[in-house]
Amino acid sequence: MMEKDRITPAEGKTDIASLYEPEIRDLLSEAGEPAYRAGQIYKWIHEKRAVSFDEMTNIPASLRGKLKATAWLPDPAAAARQISKTDGTQKFAFRMRDGQIIESVFMPYKHGNSVCVSSQAGCRMGCHFCASTIGGLIRNLTASEILAQVYSIERITEERVSNVVVMGTGEPLDNYEQVVRFIRIMSDEAAGGISQRAITVSTCGLVPMIDRLAEEKLQITLALSLHAPEDALRRTMMPVAHRYTIAETIAACDRYFDATGRRVSYEYALIAGVNDTPESADRLIRLLAGKNCHVNLIPVNPVRERNYRRSSRAHAEDFKIRLEKSGINATIRRGMGADIDSACGQLRRRFQEKA
Ligand code: SAH
């Protein structure tokens, strides 16, 4: 077993909020409890968003006592909350049971509220422009800890969340089992209640895991963090590019599209003078021409520890127009929360610096 798998947030107790309903049923039947209690407990945790067993008023006190002694529910404490004055973006730092700080972001849009969740405490992918990777990977988050980010934000903001993006700290496909559990429970009508089509998982491109995800036949959107149109440049930005070529990575995305019918989104962080030239745009066009895909251009968020500069608005527009003229769908991501620590992992970093 790998180091990161060994660290669990509550040693010895069952992580009941990460379990599917039939698994809770099995657990209860081993304890001699009636099967129908599983549905009640599952509903309390996910539909009613209970954070303690005491809230489960239709569960007999004796069973509640047993649950308290043997299982845990995540109840992340909000260690910090920043609200953008310009666009209403809210950034949260949550403290996990073992003290780990993780970040989540609430983004209000005209078409509904979106939450960006973290999938790991830290990250081991090492992308040079990303603050989340600076302290390395601490541990995987459990499905329940990923769900709790959405549930807690809904509770704190008193807003409904209609979209979830797994684009916070961590590489979701490096925490595959828990992320798939998260997606299935989040999208279960009897649980999280957010449709799979409203869930996006972003990956730096772990090719075998993209193929595995395609086999799950989920209706989620896959976002691929491409960021460079040629291998040599991508290798200077993202260590994962040493493992898989761009051609192999895009081929895996094509297979994902074939298996699911879901259009793939390509993320491209625009860095001044690095990957935002017309030549880069033309290379990107050659890679993606004729594909049913979408390119999301993100003016890079400057990270204090890194010296990348973001492309100017005019450069970003030129880049986008070039893609569109070649029939490639592109949008420039609205820079949200610029007045709060908006770049991935920056709020969490502040806690690490204090520690
Ligand atoms: N590990 C996953 C998901 C987390 S990062 C992935 O790589 O996709 C979410 C997105 O933010 C990725 O596209 C990532 O490359 C991008 N990102 C990271 N740091 C950034 C920064 N400083 N500016 C803009 N985008 C950044």
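Rules of the game
- The numbers attached to residues start from 1 for each chain and follow its sequence in the written order.
- pLDDT decides what is reported in this predicted model: residues at 70 or higher carry local features, side-chain atom pairs at 80 or more are listed and counted, and totals for whole chains, interfaces and linings draw on all residues regardless.
- Side-chain calculation: all heavy atoms of the structure are included, whereas hydrogens and water are not.
- Whether two aromatic rings pair depends on their centres lying within 6.5 Å, for rings of Phe, Tyr and Trp, where Trp uses its six-membered ring; planes under 30 degrees apart make the pair stacked, over 60 edge-to-face, and the rest tilted.
- Each helix is a run of DSSP H or I of at least 4 residues and each strand a run of E of at least 2, with the numbering of both proceeding from the N terminus.
- Burial classification: accessible surface area is computed with a 1.4 Å probe over protein chains only, and a residue below 20% of its type maximum counts as buried, one above 50% as exposed, and the rest as partly exposed.
- An automatic or database domain assignment is the source of the domain bounds shown.
- Contacts are assigned to residue pairs with any non-hydrogen atoms lying within 4.5 Å of each other.
- Each of two parts loses accessible area, computed with a 1.4 Å probe, when they are put together; buried area is these two losses added.
- Salt bridges are identified by distance alone: a Lys or Arg side-chain nitrogen within 4 Å of an Asp or Glu carboxyl oxygen.
- Here a polar contact is recorded for every N or O atom pair within 3.5 Å, except that within protein the pair must consist of a potential hydrogen donor and a potential acceptor, and residues adjacent in sequence are included only if both atoms are side-chain atoms.
- One less than the residue count of a helix, multiplied by 1.5 Å, gives the span that helix is expected to have.
- Along the arc lie the directions from the helix axis toward the C-beta atoms.

Participant: What is the right way to read the packing of aromatic side chains from this model?
Facilitator: For any two aromatic rings, the description comes down to two numbers: the centre-to-centre distance and the angle of the planes. A full pass over the atoms with the stated rule returns three aromatic pairs. Geometrically, the ring pair formed by Tyr268 and Phe319 is tilted, given 5.1 Å between the ring centres and 35° between the ring planes. Here Tyr268, found in strand β12 (residues 264-270), pairs with Phe319, found in helix α11 (residues 313-325); they are 51 residues apart in sequence, far enough to count as distant. Tyr268 sits in the buried class, given a relative accessible area of 1%.

Participant: Looking at this model, I keep getting lost on the domain arrangement of the chain. Mind explaining?
Facilitator: Interfaces are frequently sized by the accessible area removed from exposure as the parts join. Taken as a whole, the chain is organised into domain 1 (3-72) and domain 2 (77-354). On a C-alpha basis, the centroid separation for the pair domain 1 and domain 2 is 31 Å. At the interface, 18 residues of domain 1 touch 25 residues of domain 2. Across the domain 1/domain 2 interface, buried area totals approximately 1,900 Å², and carbon plus sulfur atoms make up 52% of it. Here domain 1 is connected to domain 2 by two salt bridges. Where domain 1 packs against domain 2, one counts nine residue pairs in polar contact (both at pLDDT 80 or more). Sorting the residues of the side of domain 1 that touches domain 2 by element identifies α1 (3-6) and α3 (36-47) as the ones contributing at least two each. The dominant element in the side of domain 1 that touches domain 2, judged by the number of residues it contributes, is α3, at four residues.

Participant: What should I look at first to understand helix α9 (residues 246-260) in this one?
Facilitator: Spacing of three or four residues puts side chains on the same side of an α-helix, whose turn is 3.6 residues. When the terminal C-alpha atoms of α9 are compared, their 21 Å separation across 15 residues agrees well with the 21 Å that a helix rising 1.5 Å per residue should span. Every buried residue of α9 is accounted for by Ile246, Thr249, Ile250, Ala252, Cys253, Tyr256 and Thr260. End-on view of α9: buried residues confined to an arc of 150°, all on one side of the axis. When the buried face of α9 is taken as reference, the exposed residues oriented beyond 90 degrees from it are Ala247 and Asp258. Where the residues of α9 are buried, they touch α7 (207-215), β11 (221-225), α8 (231-237), β12 and α10 (278-288).

Participant: It is not clear to me how the side chain of Asp87 should be interpreted in this structure. Could you clarify?
Facilitator: Position of Asp87 among the secondary structure elements: in the loop between β3 (77-83) and β4 (90-95). Looking at Asp87, its side chain comes within polar contact range of the side chain of Ser84, at 3.1 Å. Separated by 2.7 Å, the side chains of Asp87 and Thr89 make a polar contact.

Participant: Which parts of the structure should I look at to understand the pattern of salt bridges?
Facilitator: Side-chain pairs of opposite charge can arise where the charged atoms are in close proximity. Enumeration over the complete set of coordinates arrives at 20 salt bridges. In this structure, Glu154 and Arg160 form a salt bridge, with 3.9 Å as the shortest nitrogen-oxygen distance. Its relative accessible area of 11% is what places Glu154 among the buried residues. Its salt-bridge partner being Glu216, residue Arg184 comes within 2.7 Å of it at the nearest N-O pair.

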